[in-house]
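So the chains spell out like this:
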Amino acid sequence: MKKSVAWIDDVRRLTVNTDHVHSLMEAIPLLSVDNDTHEGYVDDTHLSHTASIIFDIPLPIGKDVTLKWGRETFPVYAGSIVRTNWFEENYGTVDEPLGAAYYRDHTDFTVWAPTAKNVKLFLNNDYFDMKKNKKGVWSKSVEGDFHNFLYQFEVTINGKVVRVNDPYAKGVTANSNESVVVDLERTDPLGFRATSIPKTETEDAIIYELHVRDATISTNSGVKARGKFKGLTEEVTTTKSHHLTGLSYIKELGCTHIQLLPLNDFARVDDYEPEKNYNWGYDPLFFQTPEGSYATDVTDPSTRIIECKEMVDAFHKNGLSVILDVVYNHVFVKEKSPFHQLVPGYYFRYHGDGSPGNGTGVGNDLATERKMVRKFIVETVLFWLREYRVDGFRFDLMGAMDIQTIQQIRKICDEEDRPILLLGEGWDLDTPLFQDLKATTEKSHLLPGVSFFNDFFRDSMKGQLFFKHDQGFSNGHGRFIERLPQLVSGSCRDDYGDRRVEAPVQSINYVECHDNHTLWDRLQITNETESKEEKKHIHQIATGITLLSQGIPFIHAGQEWFRTKEGDENSYFSSDEINQLDWERRVKEKDNTFFIKSLIAIRKQYKVFRMKSKMEIQRRLHILPTPAPVFGYLLLGDDEDLAVFVNPTKKRYPLYLPSPGKWDKLISNRKVTVSSTAFIIGDRSDIEAYELVVLKKSRV
């Protein structure tokens, strides 16, 4: 039979759940605290099994408290009191360090658990009593060198004794079973702190989204440590036909930033037998330690840390910046999370009726707006910046996070010695957080220096995401052409007020990412009557506009060779056969890879594709008169003018160029290579079916 409990739901209010409320109404509720007894009175009853009891004293937190009411005795535990302003003010502490701080001769252990009655440190198969301060922080310093030693906290809370891992753990054992003390200095690869880090400015960023395992798991990758951190450190790896793969291929492509899908410790993949399961990484377990299945040795807790650092170092040595995809909006399973086990009810959002928020769609929403949640997130970001030397963060479901937390993250990133790129999904999700506090796209004016995934760009180019037969400009013969001026201008014009950002760099332009169908698979649905070659040209138009628009272009790994997942729309736990990068396909589609590489080179060569401000765009970017649905625009550089024209139809159209003279043809998707002698004299030309062309006219 379920035990009846009294919950502290406010400073002086208990909520009692019992089937005998009415039979107890004549009795005086008595609260026993530290051998003292306090009388209360029944304030309200609900139905036949719930009563609110008020006391004249503040109800104690984290103590042995009982309520005697008539013939019944109830244990008293902290309930929704943990979500009150009073609790934040009295127990929230942002300055005290938490976790295991390693030193050669001792380690300091601290954990925040204000509602716990008792906490013990379990270290090296021995118990150590911990002491609590007034903020609910329990601490213990133990002498000795404990590098790679296992530890946990034994917590007495809500009538139970549970063994809990440290949410601040810098290391964990295989499959996240125990926390591990780590001397982080010993995990630095040789020369790691001396490696020069690229300092790419935000407006110059070109992002390439990559999954650690996908990148090298294929047998035709030529990589030895397939599917591991280590695999992305191997250079000059090739297919059997001697075409570059892995790290060297990515470097040659020309993107500036590698965005890695979540690589912190996550669920659903067995570290010992990772080949049996697959996961994108959006099931976070421990946020400050790398994923074990990506390590070559899961029995040594330090290996994953060392090899993750080696991977970051390898990217840096090849001139590539590293963005981490981070998940600070939910945990894998709330009830099993150290957050919930240490302070039940605090770290997550709840509706007024006590039911958990579920804006993320996974059963729980982290309450980023609360002091200790924000502290954890901000400190975790700083940890990855300083310890692993990463260069940016992509916030999964950022619209479920609060503005102030993102602002604090931006502030600490601005203190670094290099540009730190911050971007996220600014979707408006149905979470209990107040609307005005959400870090959504329409709040871009409150979040300068933070970029947003532009779903308006995506849907305008290929059709609405959640209507799989819908078409956009590239695959719908010019549909939504009226939106193109906004898209190519970095989405900072006033044309679409609700789909606008404050600065071009706040727009992450994309038509494909790890989510949903790849662009190629989408075209199999939306353009099934077109030939394979026509689909390729359509694909080139969509990717080309992504790379030639103002803002920050975002390319999904393999997009440059028409990546397919065989129609799998949500491959988050599908097989390697579906998710792996097919390096043989890269060889077969080398012409398109060269086309994308050339577009990237053009973007990097001419600054007019990377303008910093709305005012500069207004001055330099001009929409050209064209026969609809052909679209064109002119970019006025200091020494040359560049014209971009796109024809999303099967029909050939005449073109009127912006001015007479000699126009060099820099690139066209209708030709594998464009000769240095390819040019147009005069002010007229033609644009072929499904063609994207870039023309240049020098002024010197």
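Residues numbered from 1 in each chain as written. Predicted model: local features only at pLDDT ≥ 70, side-chain atom pairs only at ≥ 80, totals over all residues. Heavy atoms only, no water.

Remarks on the layout of surface pockets
Here is step 1 of the chain: Within this model, the second largest pocket holds a volume of roughly 780 Å³.
Here is step 2 of the chain: As for the second largest pocket, its lining consists of 32 residues, and the residues nearest its centre are Trp 280, Asp 396, Leu 397, Asp 515 and Asn 570.
Here is step 3 of the chain: The dominant element in the lining of the second largest pocket, judged by the number of residues it contributes, is helix H9 (residues 455–462), at 3 residues.
Here is step 4 of the chain: Here the lining of the second largest pocket is built from residues that sort into 12 nonpolar, 9 polar and 11 charged. (1 Å grid on protein atoms, 1.4 Å probe; cavity = no way out; pocket = protein on both sides within 12 Å on 5 of 7 lines; lining within 4 Å. Points joined across faces, edges and corners; volume = space filled by probe spheres on them. Helix = DSSP H or I, 4+ residues; strand = E, 2+ residues; numbered from the N terminus. Nonpolar A, V, L, I, M, F, W, Y, C, P; charged D, E, K, R; others polar.)

Here we look at helix H8 (residues 403–414)
Here is step 1 of the chain: Between its terminal C-alpha atoms H8 stretches 17 Å, which fits the 16 Å expected from 12 residues at 1.5 Å a residue.
Here is step 2 of the chain: For H8, the set of buried residues is Ile 403, Thr 405, Ile 406, Ile 409, Arg 410, Ile 412 and Cys 413.
Here is step 3 of the chain: Residues of H8 that are buried make contact with helix H7 (371–387), strand E23 (392–395) and strand E24 (421–424). (Expected span 1.5 Å × (residues − 1). Buried < 20%, exposed > 50% of the residue type's maximum accessible area, 1.4 Å probe, protein only. Contact = heavy atoms within 4.5 Å.)

Some details on the sheet that holds strand E30 (residues 640–647)
Here is step 1 of the chain: Taken together, 6 strands build an open sheet; the order of strands is E28-E29-E30-E35-E32-E33 and the sheet is antiparallel. The two strands at the open ends of the sheet, each matched to only one other strand, are strand E28 (621–623) and strand E33 (679–681). In this sheet, neighbouring strand axes are inclined to one another by 25 degrees on average, regardless of whether the strands run parallel or antiparallel.
Here is step 2 of the chain: Alignment of E28 against strand E29 (residues 631–636), held across 3 bridges, turns out to be antiparallel. Residue pairing across strands places Ile 623 opposite Tyr 633, the latter belonging to E29.
Here is step 3 of the chain: Contacts between helix H12 (residues 532–548) and the sheet are confined to E29, E30 and strand E35 (691–698), with E35 contributing the most and set at about 35 degrees to the helix.
Here is step 4 of the chain: Strands in contact with helix H15 (residues 590–605) are strand E32 (662–668) and E35; relative to E32, the strand with the most contacts, it is inclined by about 130 degrees. (Pairing = 2+ DSSP bridges. Axes fitted to C-alpha atoms, helices over the stretch in contact; angles between N-to-C directions.)

Some remarks on the pattern of salt bridges
Here is step 1 of the chain: Going through the model one piece at a time under the given rule, you end up with 48 salt bridges.
Here is step 2 of the chain: With a closest N to O distance of 2.9 Å, Lys 230 and Glu 310 form a salt bridge. One end of the pair, Lys 230, is in the loop between helix H3 (212–216) and helix H4 (246–253); the other, Glu 310, is in helix H5 (residues 301–317), and 80 residues separate them in sequence.
Here is step 3 of the chain: Of the residues examined, Lys 230 reaches a relative accessible area of 29% and is grouped as partly exposed.
Here is step 4 of the chain: Each of Arg 386, Asp 391, Glu 416, Asp 417 and Arg 418 takes part in one network of salt bridges that share partners. (Salt bridge = Lys/Arg side-chain N within 4 Å of Asp/Glu carboxyl O.)

A closer look at the packing of H7 against H8
Angle between the axes and distance between the axes: these two values describe a pair of packed helices.
Here is step 1 of the chain: Axis separation between H7 and H8 bottoms out at 10 Å; the angle between their running directions is 30 degrees. Looking at the two axes, H7 sits roughly parallel to H8. In the packing of H7 onto H8, the handedness of the crossing is right-handed. Contacts from Arg 374, Ile 377, Val 378, Val 381, Leu 382 and Leu 385 in H7 reach Gln 404, Thr 405, Gln 408, Ile 409, Ile 412 and Cys 413 in H8.
Here is step 2 of the chain: Residue classes in the contact of H7 with H8 are distributed as 8 nonpolar, 3 polar and 1 charged. (Parallel < 35°, antiparallel > 145°, perpendicular 65-115°, else oblique. Left-handed = near helix turned anticlockwise from the far one by under 90°.)

Describing the sheet that holds strand E26 (residues 507–509)
Here is step 1 of the chain: The strand order around the closed barrel built from 8 strands is E18-E19-E22-E23-E24-E25-E26-E27, with neighbouring strands paired in parallel fashion. Adjacent strand axes in the sheet meet at a mean angle of 30 degrees, parallel and antiparallel pairs treated alike.
Here is step 2 of the chain: The pairing of strand E22 (residues 321–326) with E23 spans 4 bridges and is classified as parallel. Its bridge partner being in E23, Asp 325 is matched across the sheet by Arg 394.

Describing the state of the cysteines
Here is step 1 of the chain: Within this structure, the stated rule accounts for 0 disulfides.
Here is step 2 of the chain: There is no disulfide at Cys 308, and the cysteine sulfur nearest it, in Cys 413, is 17 Å away.
Here is step 3 of the chain: Here Cys 513 is not disulfide-linked; the sulfur of Cys 255 is the nearest cysteine sulfur, at 15 Å. (Disulfide = S-S within 2.5 Å.)

A look at the pairing of strand E14 (residues 150–157)
Here is step 1 of the chain: Across the 8 residues of E14, 7 count as buried, placing the element largely inside the fold.
Here is step 2 of the chain: In the sheet, strand E10 (residues 118–123) pairs with E14 via 6 bridges, with the strands oriented antiparallel. In the sheet register, Asn 118 faces E14, and the bridge partner there is Thr 156.
Here is step 3 of the chain: Note that E14 and strand E17 (residues 179–180) share 2 bridges and pair antiparallel. Among the inter-strand pairings, Leu 150 is bridged to a residue of E17, identified as Val 180.
Here is step 4 of the chain: Both E14 and strand E15 (residues 160–164) contribute to a ladder of 5 bridges, which runs antiparallel. Across the sheet, residue Thr 156 finds its bridge partner in E15, namely Val 161.
Here is step 5 of the chain: Counting the residues in the hairpin turn of E14 and E15 gives 2 residues, including Asn 158, whose phi is positive at 50 degrees.

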